[in-house]
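# An overview of the molecular structure
As a plain string of letters, each chain reads:
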Amino acid sequence: MTKTRITILCENLVGRTLGAGEHGFSAFIETGEGNYLFDTGGGRTVVENSLSLNKDLRTVKKIFLSHGHHDHTGGLPHVLNLRGRVDVHVHPDIFLDRMSVRKESGGESRRFAGMIYKRSYLEFLGAHFLPNSGFIEAEKGMFLTGEVPRRTPFEKPDPKLFREVEGKRIPDTLPDDQSLILDTEKGLVLIFGCAHSGMINIMHHVVHQMKEDHFPAVLGGTHLDFLTPEQLEESIRSLKEMKVDRIGVSHCTGLRAAYRLQHEFGERFFYGSVASILEV
Ligand SMILES: [Fe+2]
Ligand SMILES: [Fe+2]
């Protein structure tokens, strides 16, 4: 039986003495069918960490991008420089300009939060974008959620995220946010980018689409630390009602939320720092 191995390639924290940290996320996935990359980090660590962790980016069969934020897509040109032409699954909205706005004393600071590199440049480097907005089987046994219905009353969009449309600032709900599902012999392994759709919304959507409710593991960015304490507590309550064996969080989960999850789930919890490996 071939095992599926997921290695955290880019992440905010370094756990083992391998690799470097940056604000961002990327996971290298090894299956019986080949190697895949989910997200590419912000661009500073993907190549360096792939060398440290002995993951050859030239072997990647396909790339999946979770959403258009710079900290998940900024490493794409570096990967393309090594890999050349390759299929890249994306929601069509990943190319939208977007921003993050923080209130500060006496005003606010605005920061560009979208894809740093333009589509034409990425295509020139070899990206062959395959857009999907709905649920798809992207590769044998590998599914993308597409847009996720926002149903839970407690999972709210991050209030710092905006887009500017015709001169007006509107909340950015990140409709392009999608997660990857690996349909393994043991059940569904679910990988979030930032879970902007809400991790519980995503899990419900996956159960509905896959007609399967056992998750040997869910992992990735959950964005819980950017939101309200109520959302964190309600998410924990919902998570306890679901069939999840292991919960591995990274990136935008934040340490406060990670501590809470560790407290609640004990041995079932792990922090997915750079070089963490999950085998299913
Ligand atoms: Fe992120
Ligand atoms: Fe994000």
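Everything discussed here concerns the structure shown above.
This text gives an overview of the structure that appears in the document.

Reading the values: rules and limits
Residues numbered from 1 in each chain as written. Chains lettered and ligands numbered in written order. Predicted model: local features only at pLDDT ≥ 70, side-chain atom pairs only at ≥ 80, totals over all residues. Heavy atoms only, no water. Helix = DSSP H or I, 4+ residues; strand = E, 2+ residues; numbered from the N terminus. Rg over C-alpha atoms; globule rule 2.2 N^0.38 Å. Buried < 20%, exposed > 50% of the residue type's maximum accessible area, 1.4 Å probe, protein only. Areas by Shrake-Rupley, 256 points an atom, 1.4 Å probe, with all protein chains shown as cover. Lys, Arg positive; Asp, Glu negative; His and termini not counted. Charge placed at Lys NZ, Arg CZ, Asp CG, Glu CD. Contact = heavy atoms within 4.5 Å. Pairing = 2+ DSSP bridges. Axes fitted to C-alpha atoms, helices over the stretch in contact; angles between N-to-C directions. Salt bridge = Lys/Arg side-chain N within 4 Å of Asp/Glu carboxyl O. Polar contact = N/O pair within 3.5 Å; in protein donor to acceptor, adjacent residues only side chain to side chain. Parallel < 35°, antiparallel > 145°, perpendicular 65-115°, else oblique. Nonpolar A, V, L, I, M, F, W, Y, C, P; charged D, E, K, R; others polar. Donors = N, O, S within 2.8 Å, 3.2 Å for Na, K, Ca; no water. Tetrahedral: all angles 85-135°; square planar, octahedral: opposite > 155°, others 65-115°.

## Structural notes on the overall build of the chain
What the chain contains, in helices and strands, is seven helices and 18 strands. On C-alpha atoms alone, the chain measures out to a radius of gyration of 17 Å, which is about the 19 Å that the 2.2 N^0.38 rule sets for 280 residues. Its C-alpha atoms put the chain at 60 × 45 × 40 Å along the principal axes. Each of the 280 residues in the chain was classed as buried or not, and the buried ones make up 56%. When the accessible surface of the chain is totalled, it reaches about 12100 Å², and 50% of it is carbon and sulfur. Here the chain contributes 34 positive and 37 negative side-chain charges, whose respective centroids are spaced 1 Å apart.

## Things to note about the side chain of Lys160
With respect to the element layout, Lys160 can be found in the loop between strand S10 (142-144) and strand S11 (161-165). Once residues within four sequence positions are removed from consideration, Lys160 is found in contact with Met99, Ser100, Val101, Arg102 and Phe226.

## So, the sheet that holds S10
The strand order S9-S10-S13-S14-S15-S16-S17 describes an open sheet built from seven strands, whose pairing is mixed. Either end of the sheet is taken by a strand with one partner, and the two such strands are strand S9 (136-139) and strand S17 (269-271). Strand-to-strand twist across the sheet, computed as the mean angle between neighbouring axes with direction ignored, equals 25 degrees. Relative to S17, strand S16 (residues 243-250) runs parallel, the two being bridged by three bridges. Counted as the bridge partner of Gly248 is Phe270 from S17. Where helix H7 (residues 255-265) meets the sheet, it contacts S16 and S17, and its direction lies at approximately 150 degrees from that of S17.

## Considerations on the side chain of Glu155
Relative to the elements of secondary structure, Glu155 occurs in the loop between S10 and S11. Comment: no salt bridge for buried Glu155; closest opposite-charge side chain is Arg150, at 8.4 Å. A polar side-chain atom of Glu155 sits 2.9 Å from the main-chain amide nitrogen of Met199. Here the side chain of Glu155 touches Ile200 through a polar contact of 2.8 Å, landing on its backbone nitrogen. Leaving out residues up to four positions away in the same chain, Glu155 has contacts with Ser197, Gly198, Met199, Ile200, Asn201, Gln231 and Ser235.

## What about the sheet that holds strand S4 (residues 60-64)?
Here seven strands make up an open sheet; going across it, the order is S8-S5-S4-S3-S2-S1-S18 and the pairing mixed. The strands lining the two open edges of the sheet, one partner per strand, are strand S8 (127-131) and strand S18 (277-279). Looking at each pair of strands side by side, their axes are set apart by 25 degrees on average, direction ignored. Where strand S5 (residues 86-90) and S8 come together, five bridges link them in parallel fashion. Looking at the pairing, Val90 lines up with Pro131 of S8. Packing against the sheet, helix H3 (residues 76-83) makes contact with strand S3 (34-38), S4, S5 and S8, and its axis sits at approximately 160 degrees to S4.

## Digging into the packing of helix H5 (residues 199-210) against helix H6 (residues 229-240)
When two helices pack together, their arrangement is given by the angle between the helix axes and the distance between those axes. The interhelical angle for the contact between H5 and H6, taken along N-to-C directions, is 25 degrees, at an axis separation of 9 Å. It follows from the interaxial angle that H5 and H6 lie roughly parallel. Contact with H5, carried on its side by Met199, Ile200 and Met203, involves Ser235, Ser238 and Leu239 of H6 and no other residues of that element. In terms of residue class, the contact of H5 with H6 is built from four nonpolar, two polar and no charged.

## Some thoughts on the coordination of the iron ion (ligand 2)
Each pair of donors in an ideal four-coordinate tetrahedral metal site encloses 109.5 degrees, whereas pairs in an ideal six-coordinate octahedral site enclose 90 or 180 degrees. With distances of 2.2 to 2.6 Å, the protein atoms coordinating the iron ion (ligand 2) are His67 (NE2), His69 (ND1), Cys194 (SG) and His196 (NE2). One can describe the donor arrangement at the iron ion (ligand 2) as irregular, given that its four donor atoms subtend angles of 91 to 172 degrees at the metal. One chain supplies every donor for the iron ion (ligand 2), spaced along it as H-x1-H-x124-C-x1-H. Between the iron ion (ligand 2) and the iron ion (ligand 1) the interatomic distance amounts to 3.4 Å, and Cys194 serves as a bridging ligand to the pair. In this pair, His69 is assigned in the loop between S4 and helix H2 (70-73) and His196 in the loop between strand S14 (187-192) and H5, connecting sequence segments 127 residues apart. Among the residues examined, His69 registers a relative accessible area of 6% and is labelled buried. Of the residues examined, His196 reaches a relative accessible area of 8% and is grouped as buried.

## A short note on the coordination of the iron ion (ligand 1)
Here the iron ion (ligand 1) is held by the protein donor atoms Asp71 (OD), His72 (NE2), Cys194 (SG) and His251 (NE2), which lie 2.1 to 2.3 Å from it. Each donor residue of the iron ion (ligand 1) lies on the same chain, and together they follow the pattern D-H-x121-C-x56-H.

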